[in-house]
Amino acid sequence: MQRGGRVQVPRLVRWKNRLEAGEIFVVTIFNSLSQTFYGRFCMDGRISIPKIVREELKIKPGDLLTVRLNPIKRAPL
């Protein structure tokens, strides 16, 4: 985790999976515990972790986390 409660998704992962800025995901974060929340990509490919989740999991900048991103399926028009 980076300063400000953000997680950087590598560029190669974003390109390979065609992830776009502004896309909404169900984000699951794992350390010794796990927590799920909705997240959205910023323009720089980062996802912000809500403060309440950071406090519950007791994570701080510099901690290593496992992050799973599940895209939300869009309803057909």
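The paragraphs below set out a description of the structure included in this document.

This part is about the overall build of the protein. Scanning the protein from N- to C-terminus turns up two helices and five strands. The order of α-helices and β-strands along the protein, N terminus first, is β-α-β-β-β-α-β. Expected size for 77 residues packed as a compact globule is a radius of gyration near 11 Å; at 13 Å, the protein falls within 12% of this value. Based on the C-alpha atoms only, the size of the protein along its principal axes is roughly 40 × 25 × 20 Å. Relative to its 77 residues, the protein shows a buried fraction of 27%. Counted over contacts in the protein with a minimum sequence separation of 6, partners at least 24 positions apart contribute 56%. In the protein, which carries 15 positive and 6 negative side-chain charges, the distance between the mean positions of the two groups comes to 4 Å.

Two pairing modes exist for strands in a sheet, parallel and antiparallel, and in both the strands are linked by backbone hydrogen bonds. The strand order 3-2-5 describes an open sheet built from three strands, whose pairing is antiparallel. Each edge of the open sheet carries a strand with a single partner, namely strand 3 (34–40) and strand 5 (66–71). The sheet shows a mean angle of 25° between the axes of neighbouring strands, direction not considered. Here strand 2 (residues 24–30) runs beside strand 5; their pairing, made up of six bridges, is antiparallel. Across the sheet, residue Val27 finds its bridge partner in strand 5, namely Leu69.

Secondary-structure assignment places Thr28 in strand 2. Within the structure, Thr28 has its side chain in polar contact with the side chain of Thr36 (distance 3.4 Å).

Attention now goes to the side chain of Glu23. Here Glu23 lies in the loop between helix 1 (11–16) and strand 2. A polar side-chain atom of Glu23 sits 2.9 Å from the main-chain amide nitrogen of Glu20.

Attention now goes to the pattern of salt bridges. In the structure shown here, the tally under the stated rule is three salt bridges. Notably, a salt bridge pairs Arg6 with Asp44, separated by 3.6 Å at the nearest N-O pair. On the criterion of sequence distance, the pair formed by Arg6 in strand 1 (residues 6–8) and Asp44 in the loop between strand 3 and strand 4 (46–48) is long-range, its members being 38 residues apart. According to the relative accessible area criterion, Arg6 is partly exposed, its value standing at 28%. Given a relative accessible area of 32%, Asp44 falls into the partly exposed group. Between Asp63 and Lys60 there is a salt bridge whose closest N-O contact spans 3.8 Å. The structure contains a network of salt bridges with shared partners spanning Arg6, Asp44 and Arg46.

Parameters at a glance
- Residues numbered from 1 in each chain as written.
- Predicted model: local features only at pLDDT ≥ 70, side-chain atom pairs only at ≥ 80, totals over all residues.
- Heavy atoms only, no water.
- Helix = DSSP H or I, 4+ residues; strand = E, 2+ residues; numbered from the N terminus.
- Rg over C-alpha atoms; globule rule 2.2 N^0.38 Å.
- Buried < 20%, exposed > 50% of the residue type's maximum accessible area, 1.4 Å probe, protein only.
- Contact = heavy atoms within 4.5 Å.
- Lys, Arg positive; Asp, Glu negative; His and termini not counted.
- Charge placed at Lys NZ, Arg CZ, Asp CG, Glu CD.
- Pairing = 2+ DSSP bridges.
- Axes fitted to C-alpha atoms, helices over the stretch in contact; angles between N-to-C directions.
- Polar contact = N/O pair within 3.5 Å; in protein donor to acceptor, adjacent residues only side chain to side chain.
- Salt bridge = Lys/Arg side-chain N within 4 Å of Asp/Glu carboxyl O.

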